[in-house]
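Residues per chain are reported as follows:
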Amino acid sequence: MSHDGVGPRAISRSAAFLTAGALAVSVLAGCSSDDEASRPLAGQDIAATTRDQVADGGTLHWAVDALPETLNSFQADADTGTNRIAQAVLPSMFRIDANGSPVSNADYLESAKVIETEPRQVVLYKLNQQAVWSDGREIGAADFAAQWRALSGKDTAYWTARNAGYDRIEKIERGANDLEVRVTFNRPYADWKALFSPLYPKDIMGTPDAFNDGARRELPVTAGPFRLDKVDTKAKDIVLNRNPRWWGQPAKLSELVLRAVPRDQRATAMANGTVDLADIDPADVERINLAAQGSGGAPVLGSGRTSAKQLRSWALAHGLPAKELPEGTTKLREKITTYLREQTALRDIEVRKSLEPSYTQLALNGSGGPLADERVRRAVARAIDRKELAKAVLGPLGLPAEPVGSHLALSGQPAYTDGSGSLGTQDATEAQALLGDAGWVRGGPVKEQKPDKAAGAQAESEGGQDGAYVVGEDDDKAPRSDDGADSEAAPQDDEEGGAADRQDDGEDAKSPPKGDGEDSKDPGDLAERQGAGETGGEGARPAAQEGGRYTDQHPPQGGAPGAYAPRGTAAPAAVSGPFAKDGKALSLRFVVPSGAGSESLRTVADRIARMLDKVGIGTEISKVPDEGYFKDHIASGQFDLALYSWPSSAFPATDARPIYAKPLPAADGSVNVEQNYTRVGTDQVDQLFDQAVATLDEGESRSLIRKADSRIWAAAGSLPLYQRPQLTAVRKNLVNAGSFGFQTPVYEDLGFLKKGAQAPPRPSAS
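The following refers to the structure shown.

1. What about the environment of Thr744?
- Its place among the elements puts Thr744 in the loop between strand E23 (734–735) and strand E24 (751–752).
- Setting aside its immediate chain neighbours within four residues, Thr744 contacts Gln87, Arg95 and Ile96.

2. A short note on unusual backbone geometry
- In this chain, Glu118 is followed by Pro119 through a cis amide linkage whose omega measures -5°.
- In this structure, Pro198 follows Ser197 across a cis peptide bond, with omega equal to 10°.
- Secondary-structure assignment places Pro198 in the loop between strand E7 (180–185) and helix H3 (202–205).
- The residue Asp582 is not glycine, and still its phi comes out positive at about 55°.
- Following the sequence through the fold, Asp582 ends up in the loop between strand E15 (579–581) and strand E16 (584–585).

3. Topic: the sheet that holds strand E5 (residues 122–127)
- Strand order in this open sheet of four strands is E4-E5-E7-E6, and the pairing throughout is antiparallel. The sheet is open, and its two borders are formed by strand E4 (109–116) and strand E6 (169–174), each paired with just one other strand. For this sheet the average axis-to-axis angle between neighbouring strands, irrespective of direction, equals 15°.

4. A closer look at the packing of aromatic side chains
- Per the stated rule, a full pass over the model turns up 19 aromatic pairs.
- Here Tyr166 and Phe196 contribute two aromatic rings whose centre-to-centre distance is 5.4 Å and whose plane-to-plane angle is 90°, an arrangement assigned as edge-to-face. Of this pair, Tyr166 sits in the loop between helix H2 (141–151) and E6 while Phe196 sits in the loop between E7 and H3, and the two are 30 residues apart along the sequence. A single burial state applies to Tyr166 and to Phe196, both of which are buried.
- When the ring centre of Trp62 is taken as reference, the NZ or CZ atom of Arg84 above it lies at 4.2 Å.

5. Remarks on the nonpolar core
- Within the largest apolar cluster, 102 residues are counted, with the highest numbers of intra-cluster contacts made by Met93, Tyr125 and Phe196.
- The residues contacting Met93, other than those within four sequence positions of it, are Val103, Ser104, Asn105, Tyr108, Leu109, Tyr125, Leu127, Phe144, Phe196, Ser197 and Leu199.
- Counting 62 residues, the second-largest nonpolar core is a separate cluster that includes Leu355, Ala438, Met611 and Leu641.

6. Side note on helix H6 (residues 282–292)
- For H6, the full list of buried residues reads Pro282, Asp284, Val285, Arg287, Ile288 and Ala291.
- Against the buried residues of H6 lie helix H5 (266–272), helix H8 (329–345), strand E12 (349–364) and strand E22 (718–731).

7. Things to note about helix H7 (residues 308–317)
- All buried positions along H7 are accounted for by Leu311, Trp314 and Ala315. Relative to the axis of H7, the buried residues are bounded by an arc of 100° and lie together on one face. Across from the buried face of H7, at angles greater than 90 degrees, the exposed residues are Lys309 and Ala317.
- In the core, the buried residues of H7 are packed alongside H8.
- Immediately downstream of H7, the backbone of Gly319 shows phi near 90°, a positive value.

Rules of the game
- Residues numbered from 1 in each chain as written.
- Predicted model: local features only at pLDDT ≥ 70, side-chain atom pairs only at ≥ 80, totals over all residues.
- Heavy atoms only, no water.
- Helix = DSSP H or I, 4+ residues; strand = E, 2+ residues; numbered from the N terminus.
- Contact = heavy atoms within 4.5 Å.
- Pairing = 2+ DSSP bridges.
- Axes fitted to C-alpha atoms, helices over the stretch in contact; angles between N-to-C directions.
- Phe/Tyr/Trp six-rings, centres within 6.5 Å; stacked < 30°, edge-to-face > 60°.
- Buried < 20%, exposed > 50% of the residue type's maximum accessible area, 1.4 Å probe, protein only.
- Lys NZ or Arg CZ within 6 Å of the ring centre and 35° of its normal.
- Core = buried A, V, L, I, M, F, W, Y, C linked by side-chain atoms within 4.5 Å.
- Arc of directions from axis to C-beta.

Such coordinate-based values are descriptive only and should not be taken to indicate function.
In structure tokens:
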């Protein structure tokens, strides 16, 4: 999970707690077209080129956010850099293809399949006979067994972040020869292809000390197209070079250097040649596109006739951040001269774009307050136009602007189907009817209350630079955005772009009273009340509206039939204002990060807040420091509404379960939410996950996942919004690199075009 630049690492087969489920549930009508294959909304953009057109040699500098704290992918502080290194230097039995599905990796496997299901599931791996570690030893059963023992969870001396799947293994043994590995499970495990990717050598997995400490900064034994050469903390580089014992297609590059470069410095790094490949924000996309068009009319810099005011206006018009502009004519000229020199260099750079295998969601905290009532959560969800948000974020970037239809898969993946019909489409009338059913009254009386200090006050005390404002009450201070100007691009990082907020720093705002959630119901039982009678499609109604209690028509207006008013009497005013109950206005705390890299989320939050305001749901937007956004607010439950992202997974039965598992009380009296930060879950969803992970029939497992997704939609704990844009700045002669989409990079094919070779054509716009 991540948001703009902060938050925990993106999960890749995250920690999960799996139990066998036995109860069956009915099929939900929201799961339509189960067998209809979808396709990725956007393809790869990597300048795919055959190896014969790629030069031998060269060094690729690839920007990362920071040097990884560990080189062990199974530790809690592993990050994207950790996983990137593991992909380049370690075996993976399966890799992810362009559709987000696992495929056998022929460099390590001749085959892998389930050979027995009774009395136990047995998987037989037949290894590539050429596969060896960099010390010359064959990859074999001893490595598989060491990794299983380390990750099984039975030995607490190993500081592991996850044991999902490994805890289901009963034994690992040598097969008919040294190239065969038999893995026997004590319980059926559908996601067995997720295991042993990556595979570490027994030297690292064999002892707790080697696992916990030895692999944090060193990987002396590897088995990929590259090997780890050095970790240079001073230069903030990790250097990989060719593995001389690699048996597959040799790496085209001589060296691959992962270089820590902050996002706000990446355009400059690309211009001065210190980086060749970097994920970037929309502002840098605009700058690179501007460079391709020329300087754009530079001011007169040498004659002294251009005033500081004119220089400043030119700089702002060309995208230079106001906070970076120095005072005085001379320094401004120097700044603009440097900028123009960089713009010339950026003509050798292009932007390759696709969609990331992750999506941004709106989280609704159901642990207390108004959102503990499922009807209020559903009302919030029905008030939001997801299509408009997707269009605002992705449209300006030329990417497909489709809202995400599943919590558990993305378009193109086998498990994907649009399950949003279980909730229903945007409908203000339905949203207001749901609130009425929950006891809230539009324009109801509100008693004077003391300000709620839970989120807003904490934001101020923690140094939130913009504090809080109340949508509707503080509109003169709120960040405003025009529909055509919210150019956006995307807990991984939501660099979705968008106009920066223009709220004055330090300006105090009123905190509206919160609802007491008097009619709240146990969030663990909420979605279960939906039963099997829900209907899918755009006209689906929530259970709260079944039985004819509400219709799509407006209730009749005026007094008794036949009554009339004298000529000239004004018509009664329509009821407006926020909903209220028991003297308290319906107001939700919307927590967003305040950092410079999080403008996009604040822009999206502002749009959502205005959508809610139109139906009478108030919001107080509280801006909090990036460093505390996840730990102090999301993980601790100090929010009503929040925006963050989850990566998709090729193994949703394993990876998604902890995100949607029903919170359970722990022995110490606390509540174990795992990764379900919305605190909304049901027994039925848990049972569906348990059944899906224990079903070896792939079609049946996918069907169960789709049913689970429909239940998650019905519970309205989270609202998928849009797939995040993937924007990559790439040196034009670099090929087989860029925006990879779902697919695992083929590291041995990365490289630079041979002299005289023609660059491949760019993919057509979607």
